[in-house]
Structure formats: structure tokens, C-alpha cells
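Chain and residue survey
These are the residues of each chain, in order.
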Amino acid sequence: MLQDLINSNLTPFIGNVYLLRVLSILVVLWIIIVIAFIAQYIIKKCVVRVINFILLRKTNSEFLHFIAKDKSLNILSHFIAAIVILVGSQLIIPHNNIEIMFVAFLYKFAELYIFITTVFIITRVVNLLNAYYERQFVNIKGYHPINSYLKILNLFIWLISLILIIAFFLNMSPWALLTGIGAVSAVMLFVFKDTLLGIVASIQVALQNILRVGDRITIDKYNIDGEVLNISINSVKIKNDDNSISNMPTFLLSSEVIKNWQPMKRAMARRIKRSFNLDIASIKICSDALLEQLQQFSEVREYILQNPNREYTNLGIFRIYIQNYLKKYPKINKKYLITVRHLDSGVYGLPLEIYAYTTEVNLEKFEQVQSDIFEYCFSILPIFELKVLQVPSA
């Protein structure tokens with residue numbers, strides 16, 4: 001055996017038998033570790049590269065190509081290193097209780113190394129499934145993210161693995177261990193309260209399609225207005241318009257009022273809902289001269305001529321004009337409500353509100369359209385002999 005060979009070579013130099021045994025075990029252990037590192041390096045740099053090359057060149061599966069490009073197979077090198085340590089531990093011949101305990105520990109360490117590597121392989125495959133799914137289907141209509149589900153799956157895999165590891169080292173049944181920890185379940189629930197609430201919220205978000213990565217949301221309570229960057233079990237990361245990053249607990253998604261702007265983008269309809277105050281003193285019955293002047297506008301000509309005996313107000317004609325103007329405006333979405341209406345009057349005059357939807361959902365272009373419409377309204381008010389109420393500051 002290797003240990004006997006090392007003993008025979010060290011005996012002429014070391015007379016203490018106990019020290020000789022310790023040194024021989026350390027030398028064997030050092031050889032095992034070196035061989036494990038060499039095996040890991042060879043598997044990672046040679047074998048895995050060959051496998052990746054075969055997957056990329058010799059197969060037609062997009063998922064296998066994705067695995068090769070992600071270099072996920074590199075983790076197999078750890079698996080081989082663990083097997084080397086496991087086999088190498090059997091080369092050590094113990095001579096007393098301490099050495100027996102050391103060999104047993106090394107053997108259990110190798111088994112633990114293999115088990116944890118296996119768990120890493122499983123969770124890595126789960127993560128790859130999510131990455132592959134997002135890459136393939138993110139641009140497809142009706143895409144539904146599965147990231148939250150897979151993170152929950154990974155969490156349960158690690159919880160089960162932790163229970164099995166503890167049961168393995170305590171040399172007891174996992175079921176007995178679960179029964180034993182039932183007494184501290186209340187403490188566990190308190191410690192992992194946010195995580196458990198986050199899991200429930202993640203499921204609700206996914207099932208109800210409340211929001212997705214890339215959605216633009218507004219949460220007024222927390223002064224959040226920006227794009228969702230990431231949704232995890234514990235937190236949601238949002239990039240605000242001022243380039244700051246906000247993080248909020250995931251469980252708040254199920255309890256707070258969230259405004260999601262994504263449906264607006266899909267509908268290509270962003271609402272204009274703005275008013276300006278008219279001077280009530282400028283509202284009047286139109287004279288014959290004013291009516292004749294206003295008939296030059298095609299938007300109100302038919303409205304005026306349909307009942308020549310009626311007394312028209314300049315504001316009434318102005319409302320009809322703006323409403324018909326909006327219906328012809330190229331960047332107004334005609335599928336949605338278009339109206340011009342009064343709001344409650346007060347000391348600041350009579351508010352006149354424009355309610356319509358533009359086809360421009362980008363904020364910059366939307367504001368440009370909205371500004372163009374209101375600037376036009378202000379410019380033609382004198383033609384209708386109307387005035388905007390301007391209250392001088394004290």
C-alpha cells in the first residue's frame with residue numbers, strides 16, 4: 001500500500017513511531033489532494049471542452065447548445081475531485097482511534113462534497129431552464145415568466161438537501177429529524193417570515209401577471225417610478241427615472257397599490273387628462289358676426305347650421321371645435337374616448353378639461369403631442385372671444 005511505502009522511506013529518518021504514522025498520513029492526504037486538483041483541472045480544461053465542442057458541433061438541440069455556451073458542465077470537475085478524495089481516503093490505514101476518526105471524517109467529507117456538487121448541478125440545471133426559457137420566449141406575446149417558480153423550487157431543493165446533510169452527519173432518519181425540529185417551527189417561521197411572504201407574493205405576481213421584468217411601474221407611497229430590473233423571492237429591484245435604484249420587499253407587491261404602465265404600451269394609448277381655467281366673464285352668447293366668423297371652421301360649421309334659430313355660446317362652439325379637432329388629429333387614438341368637458345367652477349374660473357388618448361406612449365413624444373394640442377387651444381381662444389383666467393400674484 002502507498003502508506004506502507006511512505007513508512008518504509010521515512011523510517012530511517014524518523015524514529016518516533018507515532019510521528020511516523022502522522023507524517024505518512026499527511027503525505028498520503030497531500031498526494032490525494034494534489035491528484036484531486038489535477039483530475040479537476042484535466043476534466044475542466046480537456047474533457048469538458050471536448051464535450052462542449054461535441055454539443056455545439058454535433059447536436060441540433062438549442063438547449064444543449066445553451067448548456068455548452070454557459071459552461072455549466074465545468075461543475076462536473078468538482079464531482080470527479082470528490083470521487084478522487086473518496087477513493088483516496090480508503091488508502092489510509094488507521095492504527096488508532098484518532099486515525100480511524102480522521103479517515104471516517106475524510107470519507108464523510110468526500111461524500112458530502114459529492115452530495116453538495118450534485119445539488120449544485122441540479123440547481124444549475126434549474127437556473128439554465130429559466131435562462132433558456134427567457135431567451136426563447138421573452139419576445140413572444142403572452143410570455144409568462146417562470147423565474148419565481150424556479151427560485152422556489154431551488155429553495156426547496158436546498159432545504160431538503162440541508163435536512164439530508166444534517167441527518168447524514170447525525171446518523172438519524174430525516175423523518176425523525178423533521179419531527180424533532182417541529183418544536184422550533186415557530187421560531188423558523190418568525191426568522192423566515194419575509195422569505196415565506198415573498199414566496200407567496202411571487203406566486204401571486206406570476207399567476208395574476210401583476211408585473212414582469214421590464215415593466216414600468218409607479219408606487220406613489222414609496223416615491224417609486226421606473227423600470228423593474230429584477231424580481232426575486234425577497235426583493236424587487238427598480239431603476240427610477242433619475243437612475244437611482246430602489247429595492248422593495250417582494251411581499252409588498254400583494255399589499256400595495258401598484259400602477260403598471262405596460263398595458264398602456266401594449267394598447268398604444270396614453271391618456272391626456274388636463275384642464276385649463278377660462279375666465280367666466282368671457283363666456284357669452286355668440287353674436288351674428290361671431291357665428292359667421294366661426295362658420296369658416298369645418299369642425300363646427302355643421303354644428304352651427306343644423307339649428308340656425310338656436311342661441312350658441314362661444315364656449316359651446318369652442319368645445320365642439322376642439323373635440324372634432326382631436327378626432328382628426330393624427331396622433332390621437334380614435335378607439336378610445338375623446339371628449340372636452342367642464343369641471344366644477346370656482347374662484348379660479350371654469351376649468352375646461354381635454355380627455356383623450358394619444359398613440360405616443362413614450363414620455364417625451366407624449367408630452368410633445370400634449371403640449372402641441374394645448375398650445376393650439378390657447379392660440380385660438382381669441383378667435384372665439386374667450387380668455388384664460390390669470391390671477392395676479394399678491
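In this report, we go over the structure that sits alongside the text. All of these numbers come straight from a predicted model, not from anything done at the bench. (Residues numbered from 1 in each chain as written. Predicted model: local features only at pLDDT ≥ 70, side-chain atom pairs only at ≥ 80, totals over all residues. Heavy atoms only, no water.)

Turning to the overall build of the protein, a few remarks are in order. Of regular secondary structure, the protein possesses 14 helices and eight strands. Across the 394 residues in the protein, those meeting the buried criterion constitute 35%. A separation threshold of at least 6 residues defines the contact pool for the protein, and within that pool the share at least 24 residues apart is 62%. A total of about 23900 Å² of accessible surface is found on the protein, and carbon and sulfur atoms cover 62% of it. (Helix = DSSP H or I, 4+ residues; strand = E, 2+ residues; numbered from the N terminus. Buried < 20%, exposed > 50% of the residue type's maximum accessible area, 1.4 Å probe, protein only. Contact = heavy atoms within 4.5 Å. Areas by Shrake-Rupley, 256 points an atom, 1.4 Å probe, with all protein chains shown as cover.)

In this section: the sheet that holds strand β4 (residues 245-249). Read from one edge of the open sheet, five strands run β4-β3-β2-β1-β5, paired in antiparallel fashion. Looking at strand neighbours, the two that pair on one side only are β4 and β5 (259-260), the edges of this open sheet. Bridge count for strand β1 (residues 216-219) against strand β2 (residues 224-231) is four bridges, and the pairing is antiparallel. In the strand pairing of β2, Ile217 is matched with Gly226. (Pairing = 2+ DSSP bridges.)

With that settled, the discussion passes to the nonpolar core. Formed by 37 residues in total, the largest nonpolar core has its most connected members in Ile317, Phe318, Ile322, Leu326, Ile354, Ile373 and Phe384. Mapped onto this core, the elements with two or more residues apiece are β6 (270-278), α11 (288-294), α12 (298-305), α13 (314-328), β8 (350-358) and α14 (363-380). Broken down by element, the residue count for this core peaks at eight residues, all from α13. Once residues lying within four places of it in the same chain are set aside, the contact partners of Ile317 are Cys286, Leu291, Leu294, Val300, Tyr303, Ile304, Tyr312 and Phe384. (Core = buried A, V, L, I, M, F, W, Y, C linked by side-chain atoms within 4.5 Å.)

Turning our eyes to something else, we now look at α13. Here α13 contains 15 residues, and its C-alpha end-to-end distance of 21 Å stays within 8% of the 21 Å for a straight helix at 1.5 Å per residue. With eleven of 15 residues buried, α13 lies mostly within the body of the structure. (Expected span 1.5 Å × (residues − 1).)

With that out of the way, let us pick up the sheet that holds strand β7 (residues 339-342). Strand pairing in a sheet relies on backbone hydrogen bonds. The paired strands run either parallel or antiparallel. In spatial order, the strands read β6-β8-β7; together these three strands make up an open sheet with antiparallel pairing. In this open sheet, the two strands that pair with only one neighbour each are β6 and β7. Taken over all neighbouring pairs, the strand axes of this sheet differ in orientation by 20 degrees on average, direction set aside. Direction of pairing for β7 relative to β8: antiparallel, over a ladder of four bridges. Counterpart to Thr339 in the pairing with β8 is Tyr355. With respect to the sheet, α14 is in contact with β6 and β8, its orientation differing from that of β6 by roughly 30 degrees. (Axes fitted to C-alpha atoms, helices over the stretch in contact; angles between N-to-C directions.)

A separate point is the pairing of β2. In sequence, β1 turns back onto β2 through a hairpin of four residues, with Asn223 there showing a positive phi of about 55 degrees. In this sheet, strand β3 (residues 235-240) lies alongside β2 in antiparallel orientation, the contact comprising five bridges. Looking at β3, one finds that Glu227 is bridged to Lys239. Connecting β2 to the antiparallel partner β3 that follows it, the hairpin turn spans three residues.

This brings us to the packing of α12 against α13. Two packed helices can be described by the angle between their axes and the distance between those axes. Running from N to C, α12 and α13 cross one another at 135 degrees; their axes reach a closest spacing of 8 Å. Judged on the interaxial angle alone, α13 and α12 are oblique. Both α12 and α13 take part in a crossing whose hand is right-handed. From α12, Ser298, Glu299, Val300, Tyr303 and Ile304 reach across to α13, where they touch Ile317, Ile320, Tyr321, Asn324, Tyr325 and Lys328. Its residues placed into classes, the contact of α12 with α13 shows seven nonpolar, two polar and two charged. (Parallel < 35°, antiparallel > 145°, perpendicular 65-115°, else oblique. Left-handed = near helix turned anticlockwise from the far one by under 90°. Nonpolar A, V, L, I, M, F, W, Y, C, P; charged D, E, K, R; others polar.)

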